[in-house]
Amino acid sequence: MINKFIFIIFSIILTLLFSYNQKKKNVILSQVFFVLLILFLSLIFTFRDIIFPTDVGTDYYEYKNWFELISFNNLKFNFQNIGFNTLISIVKIFTNNYYIFLFICGFLINYLIIKFILENTEDMLFSSIIYYCLMFFLTFNVLRQWIACAIFVFAFKYLKKHDFVKYTLAILIGASFHDTAIILLLLYPILLSKKMNFYREEILSILITFFSFLNINFVIRLMDRICNILGINYFHKYTLEYLESQSGNFTFLIISIILLILINFKLFNSQKKANNYMVFIRYFLCLFPFAALSIKNGIFTRYLIYFEFAIIPAIDIIFSLFEAKSKMLLKISIIFILILNFIL
């Protein structure tokens, strides 16, 4: 508990110092505190077996064994895991130290995620606290997939700019770490269709969620077939392993609350305003079905990783419509609840 408290306090202080100096246009100081923040997060990620021995991650030692086995001498040049194996091989040219490898992975993940938050939210401090309290510890699990997810959020700027080539290239790089990322190619046409009707798309998202929830076996068979076509050949195995998982309940509750708030927002009385937030709104609506399905079968939590970051810009959109005084009081209340939930 005390270690978590120290972690969250130091993270907030460094983020606050960075945000303050950035607003004051102190370029050098803001860059210094940004680097210190990423270094701090990366060190926590690296030495979690010492700092948080009960929260090292479910596959921490599996990846440690993986790291020890792979090198350029036995590198197989097939697409599956080629990015991850190449990264290991490059690191092992210089060192066989697993902590250094973890530090590089942690730096990559946290740098790309914090950059995403910085570029896509108005309140970097508040949005970062959401990441620290709800998502940072999740990065300790499924290392390859979190690298793929970090590359995806980095590529989000190319999606917003309608740069199909750079977005596709980034997703393919991410998929070379974890091939589930290949499904993110489908987001390009889904998020960027020209005209937006929020209520129609919101109803469609709810209907898809309702149908999928009631017909979970059909959805699993369909996903299994799609994954086989894409060369993702272990979907069925994971489906059986995660059959009893109920890990998506809390996430689904949060997402449902946000969706209900969005439905009642005056923001969407203005088509122009809705279009300004179009990409993030659609990104959030894609999250809703995966969150519901993850309650039924934990396999969908594997895909939920790519969509959970939609929570951060969605909350930011909501707060953009509050008056300054109300916004501040509500944010302080939410931060207090998040930190309390995190450390207990």
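These figures come from a predicted structure and were not determined experimentally.

Procedures and definitions
Sequence order as written defines residue numbering, which begins from 1 separately in each chain. For this predicted model, a pLDDT threshold of at least 70 governs which residues receive local features, and a threshold of 80 or more governs which side-chain atom pairs are given and counted, while totals over whole chains, interfaces and linings are taken from all residues. Working from all heavy atoms in the structure, the side-chain values ignore hydrogens and water. Going along the chain from the N terminus, every DSSP run of H or I of four or more residues is numbered as a helix, and every run of E of two or more is numbered as a strand. Only protein chains enter the accessibility calculation, which uses a 1.4 Å probe; a residue is then buried when its area is under 20% of its type maximum, exposed when over 50%, and partly exposed in between. Throughout, a contact is declared for two residues whenever any of their heavy atoms are within 4.5 Å. The predictor reports its confidence for every residue as pLDDT, a score running from 0 up to 100. The term polar contact refers here to a pair of N or O atoms within 3.5 Å; inside protein, the definition further demands a hydrogen-donor-capable atom paired with an acceptor-capable atom, and it admits residues adjacent in sequence only when both atoms are side-chain atoms. For helices, the fitted axis covers only the stretch in contact; all axes are lines through C-alpha atoms, and the angles between them, taken along N-to-C directions, range from 0 to 180 degrees. Each angle gets one of four labels, with under 35 degrees taken as roughly parallel, over 145 as roughly antiparallel, 65 to 115 as roughly perpendicular, and the rest as oblique. Handedness of a crossing follows from how the near helix is turned relative to the far one, being left-handed for an anticlockwise turn of less than a right angle and right-handed for a clockwise one. When residues are sorted by character, Ala, Val, Leu, Ile, Met, Phe, Trp, Tyr, Cys and Pro go into the nonpolar class, Asp, Glu, Lys and Arg into the charged class, and all the rest, Gly among them, into the polar class.

1. A look at the overall build of the chain
A count of helical and extended segments in the chain gives 19 helices and zero strands. Taking all 344 residues of the chain together, the buried fraction comes to 53%. Partitioning the intrachain contacts of the chain with sequence separation of at least 6 by distance along the chain shows that 75% fall at a separation of at least 24.

2. What to know about the confidence of the model for the chain
Averaged over all residues, the pLDDT of the chain equals 81, while 81% of them reach at least 70. Here residues 243–247 is a poorly scored stretch, pLDDT under 50, and it has eight contacts once near neighbours within four places are set aside; other chains count.

3. Concerning the side chain of Ser42
Its location among the elements puts Ser42 in helix α2 (residues 27–46). Judged by its relative accessible area of 0%, Ser42 is buried. A polar side-chain atom of Ser42 sits 3.3 Å from the main-chain amide nitrogen of Phe107. Apart from residues lying up to four places away in sequence, Ser42 is in contact with Phe103, Gly106, Phe107 and Asn110.

4. Section: helix α7 (residues 124–134)
Buried residues dominate α7, accounting for ten of its eleven residues. Regarding α7, the residues found buried are Met124, Leu125, Phe126, Ser127, Ser128, Ile129, Ile130, Tyr131, Tyr132 and Cys133. Capping the start of α7, Asp123 holds a side-chain oxygen 3.3 Å from the backbone nitrogen of Leu125, two or three residues further along.

5. Quick notes on the packing of helix α6 (residues 98–120) against helix α8 (residues 143–160)
Running from N to C, α6 and α8 point in directions that differ by 30 degrees, and their axes come no closer than 9 Å. Here α8 runs roughly parallel to α6, going by the angle between their axes. Where α6 crosses over α8, the two elements pack in a sense that is left-handed. Residues Phe101, Leu102, Cys105, Leu108, Ile109, Leu112, Ile113, Phe116, Glu119 and Asn120 of α6 form the contact with α8, whose own contacting residues are Leu143, Trp146, Ile147, Ala150, Ile151, Val153, Phe154, Phe156, Lys157 and Lys160. Class assignment for the residues of the contact of α6 with α8 results in 16 nonpolar, one polar and three charged.

6. What to know about the environment of Ile109
Residue position: Ile109 is located in helix α6. Look at Ile109 and you get buried, because its relative accessible area is 0%. For Ile109 and Thr139, which are 30 residues apart along the polypeptide, the C-alpha to C-alpha distance reads 8.2 Å.

7. A short note on the packing of α8 against helix α9 (residues 164–175)
It is the contact of α8 with α9, at a shortest axis distance of 9 Å, that shows an interaxial angle of 180 degrees. Classed by the angle they form, the pair α8 and α9 counts as roughly antiparallel. Touching Ala148, Ile151, Phe152, Ala155, Tyr158 and Leu159 of α8 are Lys166, Tyr167, Ala170, Ile171, Ile173 and Gly174, all from α9. Within the contact of α8 with α9, the residues separate by chemical class into ten nonpolar, one polar and one charged.

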